[in-house]
Protein chains: 2
Amino acid sequence: MITTLDCVPCLIRQSIEASGFTSDDYSLREKALREILRKISESDLTVSPPVIARDIHRALRDLCGSTDPYCEVKKKFNSLIMSMADRFRKIITGSDDPLLTAVKLAIAGNVIDSGVKSGLTEQEVIASIESSFSETISGDTDYFISRLSDAKKILYIADNAGEIVFDRLLIELLDPGKVILAVRGFPVINDATVDDAESVGLDRLVSVIQSGSDVPGTLLDDCTEEFSRIFREADLVVAKGQGNYETLCDEERDIFFLLKVKCHVIAAHTGLPAGTHAVILNKHGIKG
Amino acid sequence: MITTLDCVPCLIRQSIEASGFTSDDYSLREKALREILRKISESDLTVSPPVIARDIHRALRDLCGSTDPYCEVKKKFNSLIMSMADRFRKIITGSDDPLLTAVKLAIAGNVIDSGVKSGLTEQEVIASIESSFSETISGDTDYFISRLSDAKKILYIADNAGEIVFDRLLIELLDPGKVILAVRGFPVINDATVDDAESVGLDRLVSVIQSGSDVPGTLLDDCTEEFSRIFREADLVVAKGQGNYETLCDEERDIFFLLKVKCHVIAAHTGLPAGTHAVILNKHGIKG
């Protein structure tokens, strides 16, 4: 999907938050903002929002000198959700439909998205997760779960740090030999990298690969050959969050997007109201 | 106050909404957005946000060709609140403290601000006003009401269309001969102009003057001599909303700001949480 006009203020807001995590020097942050504004004013907006975000965050890295502004944020949310993991694991295994409950939690965990919301607090995350138990999931959930159970090779493309603990809880219910977990190739916003996968023990459970890209999404042209091959060969691709949706929704293979609809641009694109927890089979997907 | 980095995405979001009210031509709106981004990238950000907004909306008028994008929005909210005015008038006169109730409603009406929130709906406005009856007002309310009762000459600087119906309900409780109502000199966002004052009958109640400026706030250097004289000579200046606060808060005379705190920049500047309904005496004001 393209970058709409309404994506632009959000991308700018996001860059201001990122520069704040990088530097206390207001004049440097103002200089960076001016450079970002100029850059977007000249950008091709027919690319997806995560591609614009990649270019913004590359510029910020050059201007502000930090390779990983969200390092502490990511550690905080990994630790927070890991400290709650046993509780959630019990809720999953004690529920009538553990796989459905784990899917619900994996979607609820998608609230941990610094790309969409600045200054996300632990309280907001916990409240969102608590409320998810009573949340209905829109979309192709039953079909997704049947495909998940039948698949021989699953590519699971993670989204954010912290959230990947919920991905782990879902993956624990699957045959680990079937699952390959993909994370971003380089730190960008609070997206999960191999460090995050390792810190929540996912590397000891399943194969972990890197996209090879610093796009906060999955731009196949930017990914490694290994990633692209696995993407093509997998029986099932699961992709978490808006960044993956924005970059992959037009791909010509079936992909299940698990996400929380967090802005009116994605609400308009999916036809689901903002706030919806959804399993979305992409338009080229084979319906159940 | 200056334009902070965090004001920039909001100003841009606002310009995108305004261009949407002006034109259905996406490529023209994209061109306008690129021009606005370039313009802000080169702007002096030591001025207040409404001054940047003035420059943005001047550029939009040139680029998109509409002198009053919010014309229909303003009419809609004037009509909506006028249709409810008798009900609110009864609530005010039937309350234990009519002046306090009218002040509460005048602040609640400040929710009708297209500058801060895109796509404001009638339902959101009605819900906010209904909840205001149970809302506590932070700040110098008692002192404000005593000054309001004692003043011989009151300059009341309005903010938005629709909201001015609530201003009227408050002004009806005062001696009309004492009050001069000021509105913007030209249409900008959904700020009230003389047309709005006339359409809700304020011109038949009190003297109405125009600021002479197209700033969505009150930049004295941009106002007429008449406005500046009245501003200096008034016993009491009442200024509604964030735009007036942002432009007047550093002025060296006492001013009472009546507003709803609508963003974290104003929350940080006032020390009041976002969502607060407040009467704020400016820092140079003579305390009660």
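Rules behind the numbers
Residues numbered from 1 in each chain as written. Chains lettered and ligands numbered in written order. Predicted model: local features only at pLDDT ≥ 70, side-chain atom pairs only at ≥ 80, totals over all residues. Least-squares fit on C-alpha atoms with pLDDT ≥ 70 in both. Contact = placed C-beta atoms within 7 Å. Domains from an automatic or database assignment. Helix = DSSP H or I, 4+ residues; strand = E, 2+ residues; numbered from the N terminus. Pairing = 2+ DSSP bridges. Axes fitted to C-alpha atoms, helices over the stretch in contact; angles between N-to-C directions. Buried ≥ 20, exposed ≤ 12 C-beta atoms within 10 Å, placed from the backbone. Arc of directions from axis to C-beta. Parallel < 35°, antiparallel > 145°, perpendicular 65-115°, else oblique. Left-handed = near helix turned anticlockwise from the far one by under 90°. Nonpolar A, V, L, I, M, F, W, Y, C, P; charged D, E, K, R; others polar.

Draft legend 1. The arrangement of the relation of the copies chain A and chain B in detail. It takes a turn of 180° to lay chain A on chain B, together with a shift of 0.0 Å along the axis; the resulting RMSD is 0.0 Å. The transformation relating the two chain copies, once decomposed into turn and shift, fits a two-fold axis. Relative to the rotation axis, the closest C-alpha in chain A is found at P9 of chain A, a distance of 2.3 Å. An overlap of 100% is found between the interface residues of chain A and their copies at the interface of chain B, pointing to a shared contact surface.

Draft legend 2. Fine view of the domain arrangement of chain A. Residue and element names in this part refer to chain A. Examined at the domain level, chain A breaks down into domain 1 (7–64) and domain 2 (74–281). Taking the mean C-alpha position of each, domain 1 and domain 2 sit 25 Å from one another. In this assembly, 14 residues from domain 1 lie in contact with 15 residues from domain 2. For the side of domain 1 that touches domain 2, the secondary-structure elements that each account for two or more residues are α1 (7–22) and α3 (49–64). For the side of domain 1 that touches domain 2, the element with the highest residue contribution is α3, accounting for seven residues.

Draft legend 3. Broad picture of the sheet that holds strand β3 (residues 179–183) of chain A. Residue and element names in this part refer to chain A. Read across the sheet, seven strands follow the order β1-β7-β6-β5-β2-β3-β4 without closing on themselves; strand pairing throughout is mixed. Two strands in the sheet have a free side with no partner beyond their single neighbour: β1 (137–139) and β4 (207–210). Taking the axes of each pair of neighbouring strands and ignoring which way they run, one obtains an average angle of 20° across the sheet. Two elements, β1 and strand β7 (residues 277–281), share three bridges in a ladder whose sense is parallel. Bridging from a neighbouring strand, S138 pairs with A278 of β7.

Draft legend 4. Representation of the sheet that holds strand β4 (residues 207–210) of chain B. Residues and elements named next belong to chain B. One open sheet accounts for seven strands, arranged β1-β7-β6-β5-β2-β3-β4; its pairing is mixed. Each edge of the open sheet is held by one strand with a lone partner, namely β1 (137–139) and β4. Going across the sheet, the axis of each strand differs from the next one's by a mean of 20°, ignoring polarity. Bridging between strand β3 (residues 179–183) and β4 involves four bridges; their strand directions are parallel. Residue I180 lies in a different strand from β4, and its bridge partner there is S207. Relative to β4, helix α11 (residues 225–233) is tilted by about 120°, and along the sheet it contacts β2 (154–157), β3, β4 and β5 (236–240).

Draft legend 5. Main features of helix α7 (residues 122–132) of chain B. Residues and elements named next belong to chain B. Listed as buried for α7 are V125, I129 and S132. The buried residues of α7 all sit within an arc of 55° when viewed along its axis, so they share a single face. Exposed positions of α7 whose direction lies more than 90 degrees from the buried face are Q123, A127, E130 and S131. Residues of α7 that are buried make contact with α6 (98–108) and β7 (277–281).

Draft legend 6. Representation of the packing of α1 of chain A against α3 of chain A. All names here are of chain A. Two elements in contact, α1 and α3, have axes whose closest approach is 10 Å; the angle formed by their N-to-C orientations is 30°. With respect to α3, the axis of α1 lies roughly parallel. Every pair of crossing elements has a handedness; the one defined by α1 and α3 is right-handed. Along its contact with α1, which presents C7, L11, Q14, S15, A18, S19 and T22, the element α3 presents P49, I52, A53, I56, H57, L60 and C64. Its residues assigned to classes, the contact of α1 with α3 shows nine nonpolar, five polar and no charged.

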